Each structure stands twice: as C-alpha cells, then as structure tokens.
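Coordinate analysis (summary)
Okay, here's what each chain looks like letter by letter:
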Amino acid sequence: MATILVVDDEIGIRELLSEILGDEGHAVLLAENAGQARALREQEQLDLVLLDIWMPDTDGVTLLKEWSVKGLLTMPVIMMSGHATIDTAVEATRIGALDFLEKPISLQKLLGAVEKGLARGKMVQSARALMQAQPKSNGNPPSSEQNPGETSVIEVDESPSGRALLELSKLKLDEPLRDARDAFERIYFEYHLRLENGSMTRLAERTGIERTHLYRKLKQLGVDVGRSSRRSSS
C-alpha cells in the first residue's frame, strides 16, 4: 500500500481520485490548495503526489518548483490539468515532474501513471539505500608501504548490494537521459532479481509492477529472467 497525496481545488476530482486509488488499496490524502499540500508534505511520508496545475492560491508548477528548490521533491509528482499548454507540461517535466495527465483523466491512464510513479519511487529509494550502504572512506589515501614478497589483495563485494554499487559506479551521466535511465533500471531489476533468487512473483510484489508489464519491461531492458542463469551467477 502506498501513501498518495491528491492536490486539486475541485472537490469532485478529489473525491473521484480518492475513491479510485482507495479501491486499489492505497492510502489517499487530500489537499484543496498549495497551503494544505505543503503541510501534508511536512507531516507525512508520501510515495506519490497527483498535483493539479491551476489552483487559486499557488499554481501547481510554482509549488513543484518550490519543492525542487528546497530539496523536498523526494517523491514522484504527476501533474494534472484540463487547460495546460504543451509549454506548461514541458516546464513541469523540466522541473522534476514524472508525468502529465490531461483532464478528464481516463481510469486506464490514471492507474498506468500511478503504477509508473510508484515503481520509479521505489527505484529511487533503492538507489539511495545502496549509496548509503557503500563503505565510507576515512579520507586517508591507501598506504603505498608493502612488505617484501607480500601480495596486495583487492576485496570484491559479491553481495547483491556490492554488485549493484559496482554497476552504479559505471553509469555514464553524460549520455542521453533515456540511455542513462535504462541503464539504471537494468541495475535496479537485476539487483532485486538476485535478492529474490529469480522469483518473478516476489519481484512483482517488491516493485509494484504487474507481472505481464514486468516481463515486458525486463525484455525491453535486456535483463535475463532465467532462474537457472541467475543462480549460477549468484
């Protein structure tokens, strides 16, 4: 179950989205303006935000920019609007919005965007956990002194976290965003496949992605889903 904040000044939209997302098993918080959204952002651990662009006090793009500048954009945000221009959608994406939904929002598009947002949020959380688990250097350079005849040994961490950290260190941030994103997602899924010993059922539960979509995603990324091959490499 995820905690999702819906920010919209129209009560009908809030109630509809709350009902739909509640039926999907999520905990839904509601805000009718930016002020309430700020307060809930401070009080709750949010997994996803559905944010309307046009609101009476502060528009959604301004609130999104505020969160980004203050380092509070730690959860995926999906923008919503019935009157936004393409330029507005592009600006929101540039600031950090994950997706953009045009009103009236179809059920299929809503659930697809929410699934995508929650999956992205889990990937970011996993990446943070991996980076926090990386051993910290004490700031001292490695000693060049070595006894005669002594062989230097380089320890290689073969755990799932160690392998993932090694692959993350190879990511090229100067390549196109899509290529970098695909590389990160490949590392993410391979890491969790090793943790789950190749179980697609447990992987689907952990990532929050339906099995059919998950198989398609792994195939697209070139991730080997053969259980025997993963066991042999673990």
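Keep in mind it's a predicted model, so treat the numbers as computed, not measured. (Residues numbered from 1 in each chain as written. Predicted model: local features only at pLDDT ≥ 70, side-chain atom pairs only at ≥ 80, totals over all residues. Heavy atoms only, no water.)

**Here we look at the overall build of the protein chain**
Broken down by element type, the protein chain carries 10 helices and 5 strands. The long-range share in the protein chain, meaning contacts at least 24 apart out of those at least 6 apart in sequence, stands at 61%. Looking at the protein chain as shown, the accessible area adds up to about 14100 Å², and 51% of this sits on carbon and sulfur atoms. (Helix = DSSP H or I, 4+ residues; strand = E, 2+ residues; numbered from the N terminus. Contact = heavy atoms within 4.5 Å. Areas by Shrake-Rupley, 256 points an atom, 1.4 Å probe, with all protein chains shown as cover.)

**Description of the pairing of strand β1 (residues 3–7)**
A large share of β1 lies buried, amounting to 5 of its 5 residues. Of the two faces of β1, both are covered, the one formed by Thr-3, Leu-5 and Val-7 as well as the one formed by Ile-4 and Val-6. Where β1 lies against strand β2 (residues 27–31), 5 bridges are found, and the strand directions are parallel. Bridging across to β2, Val-7 finds its partner in Ala-31. After leaving β1, the chain enters helix α1 (residues 11–23) and then returns to the sheet as β2, a path that is right-handed. The pairing of β1 with strand β3 (residues 48–52) spans 4 bridges and is parallel. (Buried < 20%, exposed > 50% of the residue type's maximum accessible area, 1.4 Å probe, protein only. Pairing = 2+ DSSP bridges. Right-handed = clockwise from strand over helix to strand, strands pointing away.)

**Quick notes on the nonpolar core**
If you look at the biggest cluster of nonpolar residues, it comprises 21 residues, and the most contacted ones within it are Leu-5, Val-7, Val-49, Leu-51, Leu-64 and Met-79. Looking at this core, the elements with two or more residues in it are β1, α2 (34–43), β3, α3 (60–69), β4 (77–81) and α4 (86–95). When sequence neighbours within four positions are dropped, the list of residues in contact with Val-49 reads Leu-5, Val-7, Trp-67, Met-75, Pro-76, Val-77 and Ile-78. Among the nonpolar cores identified, the runner-up in size contains 15 residues, and Leu-17, Ile-20, Leu-50 and Ala-113 belong to it. (Core = buried A, V, L, I, M, F, W, Y, C linked by side-chain atoms within 4.5 Å.)

**Considering helix α8 (residues 200–207)**
Those residues of α8 that fall on the buried side of the exposure criterion are Met-200, Leu-203, Ala-204 and Thr-207. Down the axis of α8, the buried set is contained in an arc of 100 degrees. They therefore lie on one face. (Arc of directions from axis to C-beta.)

**What about the pattern of salt bridges?**
Per the stated rule, a full pass over the model turns up 11 salt bridges. With its nearest N and O atoms 2.6 Å apart, the salt bridge here joins Lys-103 to Asp-8. Linking Lys-103 in the loop between β5 (99–102) and α5 (107–133) with Asp-8 in the loop between β1 and α1, this pair joins segments that are 95 residues apart in sequence. Classification of Asp-8 by relative accessible area gives buried; the value is 0%. A salt bridge links Lys-70 to Glu-66, with the shortest nitrogen-to-oxygen separation between them at 3.8 Å. Several salt bridges converge on common partners, so that one network encompasses Asp-8, Glu-10, Asp-52 and Lys-103. (Salt bridge = Lys/Arg side-chain N within 4 Å of Asp/Glu carboxyl O.)

**Some words on the packing of aromatic side chains**
According to the stated counting rule, one finds 1 aromatic pair in the structure shown. Plain terms: the ring middles of Tyr-188 and Phe-189 are 5.1 Å apart, the flat faces sit at 75 degrees to each other, and that makes the pair edge-to-face. (Phe/Tyr/Trp six-rings, centres within 6.5 Å; stacked < 30°, edge-to-face > 60°.)

**Examining the environment of Glu-185**
Mapped onto the elements, Glu-185 comes out in helix α7 (residues 177–195). Each C-alpha atom, one on Glu-185 and one on Met-123, is 7.5 Å from the other, the two residues being 62 residues apart in sequence. The contact partners of Glu-185, leaving out residues within four places of it in the chain, are Arg-120, Met-123, Lys-217 and Leu-221.

**Some details on unusual backbone geometry**
For residues other than glycine, phi is negative in most cases, and the peptide bonds are mostly trans. Between Lys-103 and the following residue, Pro-104, the backbone shows a cis peptide bond with an omega angle of -5 degrees. The phi torsion at Asn-197 lies on the positive side, around 55 degrees, for a residue other than glycine. Within the secondary structure, Asn-197 is located in the loop between α7 and α8.

**Quick notes on the packing of α8 against helix α9 (residues 211–221)**
Look at α8 against α9: their axes get within 10 Å of each other, and the N-to-C directions meet at 100 degrees. Relative to α9, the element α8 is oriented roughly perpendicular. Across the interface between the two elements, Met-200, Thr-201, Leu-203, Ala-204 and Thr-207 from α8 touch Arg-211, Leu-214, Tyr-215 and Leu-218 from α9. The class makeup of the residues in the contact of α8 with α9 is 6 nonpolar, 2 polar and 1 charged. (Axes fitted to C-alpha atoms, helices over the stretch in contact; angles between N-to-C directions. Parallel < 35°, antiparallel > 145°, perpendicular 65-115°, else oblique. Nonpolar A, V, L, I, M, F, W, Y, C, P; charged D, E, K, R; others polar.)

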